[in-house]
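Read off the chains here:
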Amino acid sequence: MYTSFSLGRAFLPLSFALLVAACGSDTPKEAASSDTPKAAAPVADKAPATPSYPAGFITADDITLGKDIDQGMVTEAKKIFDAKCHVCHGLTEEKVIGPGWKGVINERKPEWIMNMMLHTQWMVENDPDAQALVEETKTVMPDQELTKDQARAMLELIRSL
Ligand code: HEC
């Protein structure tokens, strides 16, 4: 009687100790794994919204979109389109070699569109969305050597579609 009682007493604290040890070793692991995605999420959310373009690239501050479409810019842009872009782009949603431009204004930020036109090589090498387009089209858009004003006019044409 006495022996088994003392065994029982001896086991009880031991099993408590094991329980505590088991919990103790699990808790930090769980905390670490649930903390990591929580800490990373805001950074991942921010990345596409605020890409860090190199100095000299177009930012949102460089672009003012009027309430109405600037028809003068659209006329100018159509001339450039006929001369330099129509081989690969269309003014509908349909892909030619590159994407059709209709609807692009709803999918991309205006500064992204202008940087794609003005800094094409950097964009296809560094911007995930531009890289996804290269994958899709299996073509890299050649640099079009547009001036900022010309690229701004092209943006207005894209907006007008
Ligand atoms: C030789 C073909 C070619 C020519 C010429 C060309 N592009 Fe492109 N363009 C592409 C391809 C292909 C893409 C998709 C990105 C890539 O694969 O490089 C693209 C992407 C774009 C995009 C982004 C479209 C989207 O869906 O987000 C814009 C804007 C653009 N081009 C503007 C122009 C302008 C403006 C011109 C003329 C001044 C022009 N491109 C001439 C092939 C061309």
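Check the entry above for the structure.
Residues numbered from 1 in each chain as written. Predicted model: local features only at pLDDT ≥ 70, side-chain atom pairs only at ≥ 80, totals over all residues.

Novice: I tried to follow the site of the ligand on my own but got confused; where do I start?
Specialist: Near the ligand there are 26 residues, and of these Cys85, Cys88, Gly98, Pro99 and Met141 occur at the shortest range. Elements represented by at least two residues in the shell around the ligand include exactly α2 (71–85), α4 (110–118) and α6 (128–137). The dominant element in the shell around the ligand, judged by the number of residues it contributes, is α6, at 4 residues. When the residues that make up the shell around the ligand are grouped by side-chain class, the tally is 19 nonpolar, 5 polar and 2 charged. (Near = placed C-beta within 6 Å. Helix = DSSP H or I, 4+ residues; strand = E, 2+ residues; numbered from the N terminus. Nonpolar A, V, L, I, M, F, W, Y, C, P; charged D, E, K, R; others polar.)

Novice: How should α4 be read in this particular structure?
Specialist: Residue pairs three or four apart in sequence face the same way in an α-helix, which turns once every 3.6 residues. The element α4 is largely enclosed, with a buried count of 7 among its 9 residues. On its buried face, α4 is in contact with α3 (104–107), α5 (120–126), α6 and α7 (148–160). (Buried ≥ 20, exposed ≤ 12 C-beta atoms within 10 Å, placed from the backbone. Contact = placed C-beta atoms within 7 Å.)

Novice: In this structure, what is going on with the nonpolar core? I would like to understand it.
Specialist: For soluble globular proteins, nonpolar side chains are generally found buried alongside one another. Counting 18 residues, the largest nonpolar core has Ile113, Met114, Met117 and Met154 as its most contacted members. Counting only elements with at least two residues in this core, the list comes to α2, α4 and α7. (Core = buried A, V, L, I, M, F, W, Y, C linked by C-beta atoms within 7 Å.)

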